[in-house]
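Chain by chain, the residues:
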There are 2 protein chains.
Amino acid sequence: MKICIIGYGTVGRGVVELIHKKKLDVTVVGVCGRNCGVYDEEGIDLGSLIDGTKDVGLDKYPGVRRDIDANKMIDMKCADVYVELTPTNVVDGEPGYSFIRRILANGCHAVTSNKGPVVLYYNELRKLASANNVKFLYEATVGGAMPVLNLVRENLRGNRVASVRGILNGTTNYILTRMGSEGAGFSQILKEAQELGIAEKDPSYDVDGVDAAAKAVIIANEFFSRDAHMEDVDVCGITRITPEFVSLAWKNGFSVKLIVEVGRDVLRVAPRLIERNHPLCVDGVLNAVNITVDMAREVTVVGYGAGKYETAGAVISDILSI
Amino acid sequence: MKICIIGYGTVGRGVVELIHKKKLDVTVVGVCGRNCGVYDEEGIDLGSLIDGTKDVGLDKYPGVRRDIDANKMIDMKCADVYVELTPTNVVDGEPGYSFIRRILANGCHAVTSNKGPVVLYYNELRKLASANNVKFLYEATVGGAMPVLNLVRENLRGNRVASVRGILNGTTNYILTRMGSEGAGFSQILKEAQELGIAEKDPSYDVDGVDAAAKAVIIANEFFSRDAHMEDVDVCGITRITPEFVSLAWKNGFSVKLIVEVGRDVLRVAPRLIERNHPLCVDGVLNAVNITVDMAREVTVVGYGAGKYETAGAVISDILSI
């Protein structure tokens, strides 16, 4: 199978490294950066690409071409699957949205790890994929390495999903876990998490619940055939949670977790008390999703929601399923 | 799709009820009991079958025929998929083993919830399926409703499994959980579990680790391409665990769990201390499996390992995947 990778950031590099290291039966014919690209219809020499871009961007790679970019490579239809890995933008979904639309309209399969286009244009992109008889997969957008969307689609075939509850943001889970075990305040733990690289310099996307809300929207549209958007989510972040509240919960056998709740009529992100022996009560940067269905009753899946190779692994799983 | 069900016990009834209730796009053309069967090439009236066998066996159903049995119905090749649901027998795998061999040799797909044939004749049956270009699926044999085999096969595509640890027996997990929370002894909790129907009258299959060992063998063969058999498993059950041991562990933040461990060179079932905040540390009758892989790092799945509709749901998921 021939693939073309659009976006050569952390996840893009992770995908290339894994394909190379694991000798997967996938031929990478193109890799595009912002205004440049590497192309070889016989398959790019991934070892050279990895070595040659180790400390620099794709644009410094000797084999890079300035006369091709993502749009050109999409229109060349040089790959069976285009893997769209540009940064997430939940405001207008660009540039991922335009790339994915172009890929699908051209009759090629698309895989993405980019929440922006999936959150903002879920139904439009699904319909476009369906009309062109191609696949559009985005497992990495919800829970990173942890199978959620494909778990229901493939493993729980025939089940009707009644409700979904989950911890879908590792940064807030890390902060709340440490507040619980150490009794320290939000700001202090946040500062330390930023120093450790677990929280971003601008932490609002995580701590205000925006990231979790984006995943809630995808789950609502995917499992409940809704037409949900960011503004439909009832969101409350974790910034106002006090150490006293966390301690009191802890003493009574509960942990405070930022919980995504999705159902036919529910779409919410808010701090919730979870019994410590409940399968959903996972600590640190772990993510967990609890899915209530009609046949299997309840299935919980726990895993790493972020990380270079974890996210790249979810992307590769989607590629191989095509 | 046309299916034929062999074995009309608890799981068989569960499958028929779910297909009927959920109006699944599956036509049941045959249902066989020990020496009788119901057959309609246009599709059996499942409502009548369910009502007519509510309190009695299939052999008392008015529409039952004595001139057909499982072997005859297999040789009629009346179905695309044969669903083998006879009781588990880990001594010689019969009658399931002969049925499955006959189904596959006839070029039909087979789905089973029966551990016996899968544990005893894993490689033979896989080869037979492959030689006849048909599918042989058995998700329900490991962890009931909880996706384990298909999770790795489908959702973690491209990942290499490094090791598997799991709680794969609900009865022992229930007993150990209550010993931990109540400080009571093994025999007392076992007696109560028997009264509640959670433990069998002859509990040795569960408490001596035989059931967990059978699942360990399937996992070893499935994920590590081994040729493992029951006698290769290093098994220690839970009968000699004292309440003092469980309490001491509990006070130090651990639970005692009967853990299945499988790797390239490991095949073991034994009581182990698990940290209470580890995702694998689930209580009551829940099952959990923690899978370490190269890309997604670690994925844990938690669910119900037994139960009429839960097991039937796993069978249906396999049927629908064909």
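What counts, and where the lines are drawn
Residues numbered from 1 in each chain as written. Chains lettered and ligands numbered in written order. Predicted model: local features only at pLDDT ≥ 70, side-chain atom pairs only at ≥ 80, totals over all residues. Heavy atoms only, no water. Pairing = 2+ DSSP bridges. Helix = DSSP H or I, 4+ residues; strand = E, 2+ residues; numbered from the N terminus. Contact = heavy atoms within 4.5 Å. Axes fitted to C-alpha atoms, helices over the stretch in contact; angles between N-to-C directions. Salt bridge = Lys/Arg side-chain N within 4 Å of Asp/Glu carboxyl O. Parallel < 35°, antiparallel > 145°, perpendicular 65-115°, else oblique. Nonpolar A, V, L, I, M, F, W, Y, C, P; charged D, E, K, R; others polar. 1 Å grid on protein atoms, 1.4 Å probe; cavity = no way out; pocket = protein on both sides within 12 Å on 5 of 7 lines; lining within 4 Å. Points joined across faces, edges and corners; volume = space filled by probe spheres on them. Domains from an automatic or database assignment.

Take the sheet that holds strand β7 (residues 161-167) of chain B next. An order of β8(A)-β10(A)-β9(A)-β7(A)-β11(A)-β12(A)-β12(B)-β11(B)-β7(B)-β9(B)-β10(B)-β8(B) is seen for the twelve strands of this open sheet, with the pairing classed as mixed. In the strand order of this sheet, the two ends are held by β8 (234-235) of chain A together with β8 (234-235) of chain B, each with one partner. Taken together, the four bridges between strand β7 (residues 161-167) of chain A and strand β9 (residues 254-263) of chain A define a ladder with antiparallel strand orientation. By the bridge assignment for β9 of chain A, G166 of chain A is matched with V260 of chain A. Against the sheet, helix α8 (residues 170-182) of chain A touches β7, β9 and β11 (286-293) of chain A, its axis set at about 155° to β9 of chain A. Each of β7, β8, β9 (254-263) and β10 (267-275) of chain B touches helix α11 (residues 210-224) of chain B; the most contacted strand, β9 of chain B, lies at about 40° to it.

By the definition in use, this model includes 36 salt bridges over all chains. Put simply, D294 of chain B and K22 of chain A hold a salt bridge, and the shortest N to O gap is 2.3 Å. You can see D294 of chain B sitting in the loop between β11 (286-293) and β12 (298-304) and its partner K22 of chain A sitting in the loop between α1 (10-21) and β2 (27-32), one on each of two chains. Three or more residues joined by partner-sharing salt bridges are found here, namely K115, D211 and K215 of chain A.

All names here are of chain B. Put simply, helix α8 (residues 170-182) and helix α12 (residues 243-251) touch, their axes get as near as 8 Å, and they point 70° apart. The orientation of α8 relative to α12 falls into the category roughly perpendicular. Residues L176, M179, G180 and S181 of α8 form the contact with α12, whose own contacting residues are P243, V246 and W250. Residues of the contact of α8 with α12, tallied by class, amount to five nonpolar, two polar and no charged.

A word on the layout of surface pockets. When its volume is computed, the largest pocket comes out at roughly 1,300 Å³. Forming the walls of the largest pocket are 46 residues, and the residues nearest its centre are T10, V11, P87, T88 and E200 of chain A. Among the elements of the structure, α1, α8, α10 (204-207), α11 (210-224) and α13 (308-321) of chain A are those that each provide at least two residues to the lining of the largest pocket. When its residues are assigned to classes, the lining of the largest pocket shows 17 nonpolar, 19 polar and ten charged. If you count residues domain by domain, the lining of the largest pocket takes at least three from each of domain 1 (2-144 + 309-321) and domain 2 (151-305) of chain A. What the second largest pocket holds in volume is close to 1,000 Å³. If you trace the second largest pocket, you find 36 residues lining it, with E200, G305, A306, G307 and T311 of chain B closest to the centre. When residues of the lining of the second largest pocket are traced back to their parent elements, those giving at least two are α1 (10-21), α8, α10 (204-207), α11 and α13 (308-321) of chain B. Split into classes, the residues belonging to the lining of the second largest pocket amount to eleven nonpolar, 17 polar and eight charged. Of the residues that make up the lining of the second largest pocket, three or more belong to each of domain 1 (2-143 + 309-321) and domain 2 (151-304) of chain B.

Moving on, we come to unusual backbone geometry. Residues and elements named next belong to chain A. Residue P95 follows E94 across a cis peptide bond; omega there is 0°. Assignment of secondary structure puts P95 in the loop between β4 (81-84) and α4 (96-105). Backbone geometry at S225 places phi at a positive 45°, although glycine is not the residue there. Tracing the backbone shows S225 in the loop between α11 and β8.

Remember, this is a structural readout, not a statement about activity or role.
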